[in-house]
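Notes for the structure review
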Amino acid sequence: MQTAESRPFWEWPLKILVTIILIPKKFLDWAMNSEAFLGYLFILPSLIGFIAFFAYPAVRSVYISTLEWNLLTPAKHVGDDNYQFIYHDERFREALKTTVYYVLYNIPLQTLLALMIAVMMDKVHNSSFLRGIFVLPWLLPNVVVALLWLWMMDPSLGIINQALKQVGIGEQGFLGDPDQVIQSLAAINIWRHAGYTSILVFAGLKTIPKGLYEAAAIDGAGEIQKFLRITIPLLRPVLSFVLVTSVIGSFQVFDTIAITTEGGPAGSSRVILYYIYEQVFERRIHMGTASAASVVLFLILFTVTAIQMTFLRAGKSDLAEYS
Amino acid sequence: MFNKKGFKLLLIVVLVALTFSAVMTTRAQDSVTVKYVLWDTNQLPAYQACADAFTAANPSIKIEIEQLGWDDYWTAITTGFISGDAPDVFTDHLAKYPEFVVLEQLVDLQPFVERDEVATDIYYPGLADLWTKDGARYGLPKDWDTVAIVYNKALVEAAGIDPATLNDLTWNPEDGGTFEQVIAQLTIDANGNNGLSPDFDKENVVQYGFTPGGMGGGYGQTEWSWLAVANGFTFNNGTWGDEYYYDDPALASTIQWMADLWLEKGYSPNLAEQQGLGRSALFQAGNIGFVVDGSWMIGTYVASDFEVGFARLPAGPNGRKSMFNGLADSIWVGSKHIEESWQWVKFLGSADCQTIVGQSGVVFPAIPDAATLSLQVRADAGVDVSAFVDQANEEGGTFLFPITDWGGEISTIMTETMDSIGLGEADAASALKDANDEVNSLFQ
């Protein structure tokens, strides 16, 4: 009886109240000490953007690819009709081929050029002024770059052909010639991206310890050997980053083409993205086929990237063993 | 001391101010803004003047005009339909509006026309009817256009051709008639020989006689329609038709004659050169004898660095034919101010606005009197553009733009096909047959 009386009636409610108040505090204590939680907190703003503007639309486009829908009148479920359509569409196959050619013209040359520029900056001369000039084309908006080259490459009035005529090579069709259009577009892209890529590679070169080269020199290695045996292997993480991002970027080329050739002449520069655009904006708003083509492009990019990551062992650096 | 009188005065002032501002706010809320878009920069000043006149007469309706280049224009309108912020009123094109009708995006103006008893017979004959289907009306005509020859006066005279004779050229797809002779005469190689000379070197041409300035896709308004129809070609089985005749040999022979100008004869820059910066830029570079272009381009050509003249189209086996195309103003079905938009469209289609447009001399308004005004403005400036008007007034001198569904698809298919002919990758007869099958399969 004594004990029961000594407990005031409000003791239990108070205890509950205190517990409730302490829950957020305990949670906060845990949160502040949990690195994982803090990490997620930091990426939350990007995560919201990623989900709202990338993940959700991507998933939704998979759904739309099973519809026949013009966005204005009610949609109709058509199963895999859209995939059947693009599979049998000659223009889609051509677009795939054109895109692959574009990537093949673009990537090796761009990467090689970037590597050369970076090595030259490392060995010969390097100033922030020079680096500024190299990234300048990359800072220009794509539309401006495309218009600039459209004028310069114009077959009859462009400055490039004027120069070629002076040296006796003669007029070239460039963007107007179906046999040159993809190479011309790749050239524009290389001009725009090689400098920027070289800065990335240059940063990679700076992480290679100088001691390695000295040791190699003492062992009697020449410049070429040093480049092939030290520089290239140790640049692998940077090079694979550059390759993966620029391959994805090349597969997604669009604005340069929309400004210069609109997929022409005679469909010779209709890349996948232009095909998708055409389905919606030039034909009768075929959201279904456009989405189906997008899904196919996603699968292609996913496969290509996975292969690249595996072969380049992008996640590992040989420098880890050195230090 | 507290001044009672002064306080009262202050109170009155405040009350009056509040009442006044309240009135102002109500008035501001009553005013409606109608958004209007067009694609031609040259016409912007004239339509801004129309908008000012309209708002002066209807203070509660403000017009906000936006100009977008042709290439972005239709993308922006389509996107606007979907996202719900398309302009209330927009300049519409015959190649595009059937698709918008099918997608149910245009307001039927017929009930408004009947309610307000708007006369639709004040326009050039046939213009208003282009915008009707099954009793519904989707636009009020604003202007019309035809095509004619634009020549470089100095080059024509240097070749020893009297510019007046350009009005009487004949053409046929076999030997090109006098039309092709003039083209050859105006084409000069590096050694100074013209295209008629046996020594003419087609690999080294410094001056070209003529260029269509592109392959013209499925309609070829300024590129080949005036030749093909003069050769007996008809696009399809009539307005709102469901069958195209792109496989007609009359079209194939026309297109092949045109492509051979550069593929075989060296009288025109090749297709790559034509497509770069476009016909007017190529012509204004000063080494092309003449081109054929539309009346809406008059202002651009007159502004060339050299003197230009305009002449009638050549006459083909079937006569002298120009496409008669017209623009109209349409109202978007999603507009929140359809009544106010209609008031604006009605004004755009009225003599009041079209007179203002006619005075600018930039285009030919749909109302004949206003069009005459435009002709006069040009004549006063010393430019004779009667070639365009005479073509429109001539009995049987025009044919209508082919209005059918599936405009976007047809354009995509035909642009690719025509380009392949112009590049010499395919011959006209077989390529056009395949394309025609694809086009007609759309209607099934």
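Residues numbered from 1 in each chain as written. Chains lettered and ligands numbered in written order. Predicted model: local features only at pLDDT ≥ 70, side-chain atom pairs only at ≥ 80, totals over all residues. Heavy atoms only, no water.

Looking at the overall build of chain A
Counting its regular elements, chain A contains 15 helices and 2 strands. On C-alpha atoms alone, chain A measures out to a radius of gyration of 29 Å, which is more than a quarter above the 20 Å that the 2.2 N^0.38 rule sets for 323 residues. The dimensions of chain A, computed from C-alpha atoms along their principal axes, are 115 × 75 × 35 Å. Looking at chain A residue by residue over its 323 residues, the buried ones come to 37%. Long-range contacts, defined as pairs at least 24 residues apart, comprise 67% of the intrachain contacts of chain A with a sequence gap of at least 6. Accessible surface, chain A as shown: approximately 19,100 Å² in total, 70% of it carbon and sulfur. (Helix = DSSP H or I, 4+ residues; strand = E, 2+ residues; numbered from the N terminus. Rg over C-alpha atoms; globule rule 2.2 N^0.38 Å. Buried < 20%, exposed > 50% of the residue type's maximum accessible area, 1.4 Å probe, protein only. Contact = heavy atoms within 4.5 Å. Areas by Shrake-Rupley, 256 points an atom, 1.4 Å probe, with all protein chains shown as cover.)

Some points on the overall build of chain B
The number of helices and strands found in chain B is 18 helices and 14 strands. Among the 444 residues that make up chain B, the fraction classed as buried is 54%. If you take every contact in chain B between residues at least 6 apart in sequence, the share linking residues at least 24 apart comes to 71%. Element-wise, carbon and sulfur atoms account for 52% of the exposed surface of chain B, whose accessible area totals about 18,100 Å². Here chain B carries 22 positive and 61 negative side-chain charges, and the mean point of each set is 16 Å from the other. (Lys, Arg positive; Asp, Glu negative; His and termini not counted. Charge placed at Lys NZ, Arg CZ, Asp CG, Glu CD.)

Topic: unusual backbone geometry
All names here are of chain A. Phi is positive for Phe 174, which is not a glycine, with a value near 45 degrees. Mapped onto the fold, Phe 174 is located in the loop between helix H8 (159–166) and helix H9 (181–206). Positive phi is not limited to glycine here, since Glu 262 has a value of about 50 degrees. You can see Glu 262 is positioned in the loop between helix H12 (255–260) and helix H13 (272–282).

Concerning helix H18 (residues 428–441) of chain B
Residues and elements named next belong to chain B. Here H18 contains 14 residues, and its C-alpha end-to-end distance of 20 Å stays within 8% of the 20 Å for a straight helix at 1.5 Å per residue. When we look at burial in H18, the residues that qualify are Ala 428, Ala 431, Leu 432, Ala 435, Asn 436, Val 439 and Asn 440. Down the axis of H18, the buried set is contained in an arc of 155 degrees. They therefore lie on one face. Where the residues of H18 are buried, they touch helix H9 (249–263) and helix H17 (407–422). (Expected span 1.5 Å × (residues − 1). Arc of directions from axis to C-beta.)

Some details on helix H15 (residues 368–380) of chain B
All names here are of chain B. Between its terminal C-alpha atoms H15 stretches 18 Å, which fits the 18 Å expected from 13 residues at 1.5 Å a residue. Taken together, the buried positions of H15 are occupied by Ala 370, Ala 371, Ser 374 and Arg 378. Projection of H15 onto a plane perpendicular to its axis shows the buried side chains occupying an angular sector of 105 degrees, all on one side. Away from its buried face, by an angle of more than 90 degrees, H15 presents the exposed residues Asp 369 and Asp 380. Summarising the contacts, the buried residues of H15 are in contact with strand S6 (140–145), helix H12 (298–302), helix H14 (351–360) and strand S13 (364–365). One or two positions beyond H15, positive phi appears at Gly 382, with a value near 85 degrees.

A word on the packing of helix H5 (residues 90–123) of chain A against helix H11 (residues 223–251) of chain A
Residue and element names in this part refer to chain A. Packing of H5 against H11 leaves a shortest axis separation of 10 Å and a crossing angle of 140 degrees. As the angle between them shows, H5 and H11 are arranged oblique. Of the two possible hands of crossing, H5 and H11 adopt the one that is right-handed. Note on element contacts: H11 touches H5 through Glu 223, Phe 227, Ile 232, Leu 235, Leu 239, Leu 243, Ser 246, Val 247, Ser 250 and Phe 251, opposite Thr 99, Tyr 102, Val 103, Asn 106, Ile 107, Gln 110, Thr 111, Leu 115, Val 119 and Lys 123. Each residue belonging to the contact of H5 with H11 can be placed in one class, and the counts come to 12 nonpolar, 6 polar and 2 charged. (Axes fitted to C-alpha atoms, helices over the stretch in contact; angles between N-to-C directions. Parallel < 35°, antiparallel > 145°, perpendicular 65-115°, else oblique. Left-handed = near helix turned anticlockwise from the far one by under 90°. Nonpolar A, V, L, I, M, F, W, Y, C, P; charged D, E, K, R; others polar.)

Focus: the environment of A:Ile107
Mapped onto the elements, A:Ile107 comes out in helix H5. The class for A:Ile107 is buried, based on a relative accessible area of 7%.

A few points about the sheet that holds strand S10 (residues 288–294) of chain B
Residues and elements named next belong to chain B. The strand order across the open sheet built from 5 strands is S8-S9-S10-S7-S11, with neighbouring strands paired in mixed fashion. Only two strands of the sheet have a single partner each, and these edge strands are strand S8 (188–189) and strand S11 (308–311). Bridging between strand S7 (residues 147–152) and S10 involves 5 bridges; their strand directions are antiparallel. Each residue of the ladder has a partner; that of Ile 149, found in S10, is Val 292. (Pairing = 2+ DSSP bridges.)

Focus on the pattern of salt bridges
Oppositely charged side chains may form a pair once their charged atoms are brought near each other. Applying the stated criterion across every chain, the model contains 25 salt bridges over all chains. For the salt bridge of A:Glu11 with A:Lys15, the shortest nitrogen-to-oxygen distance reads 3.8 Å. With a gap of 4 residues between them, A:Glu11 and A:Lys15 both fall in helix H2 (residues 11–33), about one helical turn apart. Of the charged contacts, one joins B:Lys35 and B:Glu66 as a salt bridge, the two residues approaching to 3.7 Å between their closest N and O atoms. Taken together, the residues span a long stretch of sequence, with B:Lys35 in strand S1 (residues 32–38) and B:Glu66 in strand S2 (residues 61–67) at a distance of 31 residues. Residue B:Glu66 is classed as partly exposed on the basis of its relative accessible area, which comes to 31%. A network of salt bridges, in which partner residues are shared, links A:Arg91, A:Arg270, A:Glu278, B:Glu416 and B:Glu438. (Salt bridge = Lys/Arg side-chain N within 4 Å of Asp/Glu carboxyl O.)

Quick word on the pairing of S2(B)
Residues and elements named next belong to chain B. Of the pairings in the sheet, the one linking S1 to S2 comprises 7 bridges and is parallel in character. Counterpart to Leu 38 in the pairing with S2 is Gln 67. Between the parallel elements S1 and S2, the chain passes through helix H2 (residues 44–57) in a crossover that is right-handed. (Right-handed = clockwise from strand over helix to strand, strands pointing away.)

Quick word on the state of the cysteines
All names here are of chain B. Counted by the stated rule, this structure contains 1 disulfide over all chains. Sulfur-sulfur distance for the disulfide between Cys 50 and Cys 353 comes to 2.2 Å. The disulfide joining Cys 50 to Cys 353 has a torsion of about 100 degrees about its S-S bond and is therefore right-handed. Taken as a pair, Cys 50 in helix H2 and Cys 353 in helix H14 lie far apart in primary sequence, 303 residues in all. Each member of the pair Cys 50 and Cys 353 is classed as buried. (Disulfide = S-S within 2.5 Å.)

Things to note about the environment of A:Gln172
Residues and elements named next belong to chain A. If you trace the backbone, Gln 172 turns up in the loop between H8 and H9. If we skip the residues at most four places from it in the chain, Gln 172 touches Pro 155, Asn 161, Leu 164 and Gln 180. There is a polar contact of 2.9 Å between the side chain of Gln 172 and the side chain of Gln 180. (Polar contact = N/O pair within 3.5 Å; in protein donor to acceptor, adjacent residues only side chain to side chain.)

Describing the domain arrangement of chain B
All names here are of chain B. What the domain assignment lists for chain B is domain 1 (32–144 + 326–380) and domain 2 (147–324 + 385–441). Computed over C-alpha atoms only, the centres of domain 1 and domain 2 are separated by 30 Å. Across the boundary between the two partners, domain 1 contributes 22 residues, which contact 22 residues of domain 2. Interface area, domain 1 with domain 2, both sides summed: about 1,900 Å², of which 70% is carbon and sulfur. Viewed at the interface, domain 2 and domain 1 are joined by 0 salt bridges. Among the secondary structure elements, those contributing two or more residues to the side of domain 1 that touches domain 2 are helix H4 (97–102), strand S4 (132–133) and H15. Ranked by residues supplied to the side of domain 1 that touches domain 2, first place goes to H4 with 5 residues. A class-by-class count of the residues in the side of domain 1 that touches domain 2 yields 15 nonpolar, 4 polar and 3 charged. (Domains from an automatic or database assignment. Buried area = accessible area lost by both parts, 1.4 Å probe.)

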